[in-house]
Amino acid sequence: MEHVKQKHTYDVIIYQVMCNVFWFNPIIHLMQKALIDLHEFQADEKVIKDAELKDTYPKLVAKMAFQGLDLSLGNYFIRSTTLKRIQMMKANKKRIGLS
């Protein structure tokens, strides 16, 4: 729901069109991946501001990432942004606690 509230769909559609038009340019594809990661970080930040979700949300993100995958734990975290997302949530939680 947070992605919908922040209107991330429009950015994704624009970059998808750009990737189709400039399919030969690898920078566009890298920028699209970075944009998707940024959207995930923004949505995570808003969600963990809810006091009830601070402890359970990182666990839910990890559970959803592994659902239906036959990869080893270490192998998956090397290739995904899931670990970065969880680390940022924990860092944000510590920073909020210090304020």
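No experiment lies behind these values; they were computed from the predicted model shown.

Conventions used here
Residues numbered from 1 in each chain as written. Predicted model: local features only at pLDDT ≥ 70, side-chain atom pairs only at ≥ 80, totals over all residues. Heavy atoms only, no water. Core = buried A, V, L, I, M, F, W, Y, C linked by side-chain atoms within 4.5 Å. Buried < 20%, exposed > 50% of the residue type's maximum accessible area, 1.4 Å probe, protein only. Helix = DSSP H or I, 4+ residues; strand = E, 2+ residues; numbered from the N terminus. Arc of directions from axis to C-beta. Phe/Tyr/Trp six-rings, centres within 6.5 Å; stacked < 30°, edge-to-face > 60°. Patch = residues over 30% accessible without salt bridge, like charges linked within 9 Å, V, L, I, M, F, W, Y side chains within 5 Å. Areas by Shrake-Rupley, 256 points an atom, 1.4 Å probe, with all protein chains shown as cover. Salt bridge = Lys/Arg side-chain N within 4 Å of Asp/Glu carboxyl O. Contact = heavy atoms within 4.5 Å. Axes fitted to C-alpha atoms, helices over the stretch in contact; angles between N-to-C directions. Parallel < 35°, antiparallel > 145°, perpendicular 65-115°, else oblique. Nonpolar A, V, L, I, M, F, W, Y, C, P; charged D, E, K, R; others polar.

Undergrad: Talk me through the nonpolar core; I want residue IDs and the actual numbers.
TA: Listed in full, the seven residues of the largest apolar core are Val47, Ile48, Tyr57, Val61, Ala62, Ile86 and Met89. At the level of secondary structure, the elements contributing two or more residues to this core comprise helix H3 (26–48), helix H4 (56–66) and helix H6 (82–98). No other element matches the three residues that H4 contributes to this core.

Undergrad: Please give an account of H4 that cites residues and values.
TA: For an α-helix the count is 3.6 residues per turn, leaving residues at separations of three or four pointing the same way. Those residues of H4 lying buried are Tyr57, Pro58, Val61, Ala62 and Ala65. Seen along its axis, H4 keeps its buried residues to an arc of 140 degrees; they face one direction. Turned more than 90 degrees away from the buried face of H4 sit Lys59, Lys63 and Met64, all of them exposed.

Undergrad: Account for the packing of aromatic side chains, with residues named and values stated.
TA: The final tally for this structure, using the stated rule, is two aromatic pairs. On the numbers, 6.3 Å between centres and 80 degrees between planes, the contact of Phe22 with Phe24 is edge-to-face. What makes Phe24 exposed here is its relative accessible area of 57%. Pairing Trp23 with Phe24 gives two aromatic rings, centres 5.8 Å apart and planes at 85 degrees, and the pair type is edge-to-face. Classification of Trp23 by relative accessible area gives exposed; the value is 61%. Clustering of aromatic rings is evident, with ring pairs tying together Phe22, Trp23 and Phe24.

Undergrad: Account for a nonpolar patch on the surface, with residues named and values stated.
TA: A contiguous nonpolar surface patch, about 660 Å² in accessible area, is contributed by Ile13, Val17, Val21, Phe22, Trp23 and Phe24. Topologically, Trp23 is positioned in the loop between helix H2 (8–21) and H3.

Undergrad: Tell me what's going on with the environment of Ile86, and back it up with residues and numbers.
TA: With respect to the secondary-structure elements, Ile86 resides in helix H6. Remark: the alpha-carbon pair of Ile86 and Lys59, spanning 27 residues in sequence, is separated by 8.5 Å. Not counting the four nearest positions on each side in its chain, Ile86 is found in contact with Pro58 and Ala62.

Undergrad: Give me the packing of H2 against H3: which residues, what numbers.
TA: H3 packs onto H2 with a crossing angle of 170 degrees between their chain directions and a minimal axis gap of 9 Å. Between H2 and H3, the angle is such that the two are roughly antiparallel. Contacts from His8, Asp11, Val12, Tyr15, Gln16, Met18 and Cys19 of H2 reach H3 at Ile28, His29, Met31, Gln32, Leu35, His39 and Gln42. A breakdown of the residues in the contact of H2 with H3 according to their chemical character gives seven nonpolar, six polar and one charged.

Scope: geometric values only; no functional claims are made or implied.
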